[in-house]
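Summary of the model geometry
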Amino acid sequence: MKITFLGTNGWYDTVTGNTCSVLIQSDEYDIILDAGNGIAKADRYITGTKPAYLFISHFHIDHIAGLHMLVKFKFPKGLTICGQIGTTAVLDRFVAEPFTVPFTQLPYSVKFLELDEGEHTIPFPVDCLPLVHPAPCFGYRLTIDGKVIAYCTDTGFCSNAVRLARNSDLLIAECGLKSGQESPGWPHLNPEKAIRIAKEGNAKRLALMHFGAEVYRTLDDRHEVQKRFEKECPGLVVATDDLTIDI
Ligand SMILES: [Zn+2]
Ligand SMILES: [Zn+2]
C-alpha cells in the first residue's frame, strides 16, 4: 500500500510545502486524510478506478482549505466524506456560493458519512476518537489491506492518540512544535511527544507531518528532526510534500 504525503505544513503554505493532506492508495480504495491545500496534488496519483474516501479531522482551515479544488477532480466511483457529527452542516457552509462550487454541483457524486466516537465499518474498519485540541478534532485508525494506519493530527499528548496508535503498522502524527517546545494553551506535539505516542502505542513506524509553518521555516529544520531522532525511533519518517512510502 502506498502512502503519499501531499501536504505536510501546519497552519499555512510556505516554501516548505502545502497544508495537510495524505493519500493512501489501497487495493480497493483511494483514501485521503484531510483536505489542506496539498489535496490539489491528489490527481497526480489517483486514477479514478476506485471509490474515494476523504476523512476530515476537524475544521481548522489548514485541514479544509483545499475543498474548493474538489471541482477539478474526477471520482467516477464517487467520493465519501467522513468526519465527526456535524460535518455535513459545517462543510456545506464552507463549500458554498459565493466562495466556491457547492458539493451538489460537483461533477461526481458526494456522500457524507458522519461518524461518532468508536468503531465503524464503512466498509473498511475505522475507529474514531477525539484528540486534545481547541476545536473538536478526531483521530482515526483505519484497517486496510490487513494493515493498520493511525492518523493523529492537531493534538497534544493524550491517551486516545496512544489507543489509536496501538500496534499500528504506521502512525502518522503531527509535529507542530520543535524539540522541547510546548504550547499548553493550544496543544500540539513536539517530536519527543509524537515519539512517546508511537512507543506507548507500540506503533511499528512513525511518520511526522503538519510541521508548524512558523516553527519549521526551512526543510533543514525538518532534517534536524530526522538526524536527531532516527536512532531513538527506527524507521522514522519526517515527511515532505510528495514523499511516498510503502507499508
Ligand atoms: Zn492544523
Ligand atoms: Zn487545528
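Our structure is the block above this text.
Bear in mind that the values here come from a model prediction, so they are computed numbers and not experimental data.

Topic: the coordination of the zinc ion (ligand 1)
- On the protein side, the zinc ion (ligand 1) has Asp62 (OD), His63 (NE2), Asp154 (OD) and His210 (NE2) as donor atoms, found 2.2 to 2.3 Å from it.
- If you look at the zinc ion (ligand 1), its four donor atoms make angles of 89 to 160° with each other, and the shape they trace is irregular.
- For the zinc ion (ligand 1), the single-chain donor residues occur in sequence as D-H-x90-D-x55-H.
- Here the zinc ion (ligand 2) and the zinc ion (ligand 1) are spaced 3.6 Å from one another, each receiving a donor from Asp154. Separated by 91 residues along the polypeptide, His63 in the loop between strand E5 (52-55) and strand E6 (79-84) and Asp154 in the loop between strand E11 (147-152) and helix H2 (159-165) bring together distant segments of the chain.
- The exposure class of Asp154 is buried, given its relative accessible area of 2%.

Focus: the sheet that holds E5
- With respect to topology, seven strands assemble into an open sheet ordered E7-E6-E5-E4-E3-E1-E15, the strand pairing being mixed. Where the open sheet ends on each side, the last strands, each with one partner, are strand E7 (110-115) and strand E15 (243-246). The average undirected angle you get between the axes of adjacent strands in this sheet is 20°.
- Two elements, strand E1 (residues 2-7) and strand E3 (residues 21-25), share five bridges in a ladder whose sense is antiparallel. Each residue of the ladder has a partner; that of Lys2, found in E3, is Gln25.
- Its contacts with the sheet place helix H1 (residues 87-94) against E6 and E7, and it is angled at close to 135° to E7.

Points about the coordination of the zinc ion (ligand 2)
- Distances from the zinc ion (ligand 2) to its protein donors, namely His58 (NE2), His60 (ND1), His133 (NE2) and Asp154 (OD), fall within the range 2.1 to 2.2 Å.
- Of note is the zinc ion (ligand 2), whose four donor atoms meet at the metal with angles of 88 to 170° in an arrangement that counts as irregular.
- Read from N- to C-terminus, the donor residues coordinating the zinc ion (ligand 2) fall into the pattern H-x1-H-x72-H-x20-D.
- Relative accessible area serves as the criterion here: at 12%, His133 is assigned to the buried category.

Some thoughts on the environment of Gly78
- Residue placement: Gly78 occurs in the loop between E5 and E6.
- Those residues in contact with Gly78, other than ones at most four positions away along the chain, are Pro51, Ala52 and Ser109.

Points about unusual backbone geometry
- Cis geometry is found at the peptide bond from Glu97 to Pro98, where omega equals 5°.
- Note on placement: Pro98 falls in the loop between H1 and E7.
- Ile122 connects to Pro123 through a cis peptide bond whose omega is 20°.
- One can find Pro123 in the loop between strand E8 (118-121) and strand E9 (125-130).
- With a phi angle near 55°, Asn167 is a residue other than glycine that sits in the positive phi range.
- Mapped onto the fold, Asn167 is located in the loop between H2 and strand E12 (170-175).
- In this structure, His210 takes a positive phi of about 55° despite not being glycine.
- As for its position among the elements, His210 is in strand E13 (residues 206-212).

Focus on helix H3 (residues 191-200)
- For H3, the full list of buried residues reads Pro191, Ala194, Ile195, Ile197 and Ala198. Projected down its long axis, H3 shows its buried positions confined to an angular sector of 155°, all on one face.
- Against H2, E12, E13 and helix H4 (219-229) lie the buried residues of H3.
- Looking at the residues trailing H3, positive phi occurs at Asn202, about 60°.

About the thresholds
- Residues numbered from 1 in each chain as written.
- Chains lettered and ligands numbered in written order.
- Predicted model: local features only at pLDDT ≥ 70, side-chain atom pairs only at ≥ 80, totals over all residues.
- Heavy atoms only, no water.
- Donors = N, O, S within 2.8 Å, 3.2 Å for Na, K, Ca; no water.
- Tetrahedral: all angles 85-135°; square planar, octahedral: opposite > 155°, others 65-115°.
- Helix = DSSP H or I, 4+ residues; strand = E, 2+ residues; numbered from the N terminus.
- Buried < 20%, exposed > 50% of the residue type's maximum accessible area, 1.4 Å probe, protein only.
- Pairing = 2+ DSSP bridges.
- Axes fitted to C-alpha atoms, helices over the stretch in contact; angles between N-to-C directions.
- Contact = heavy atoms within 4.5 Å.
- Arc of directions from axis to C-beta.

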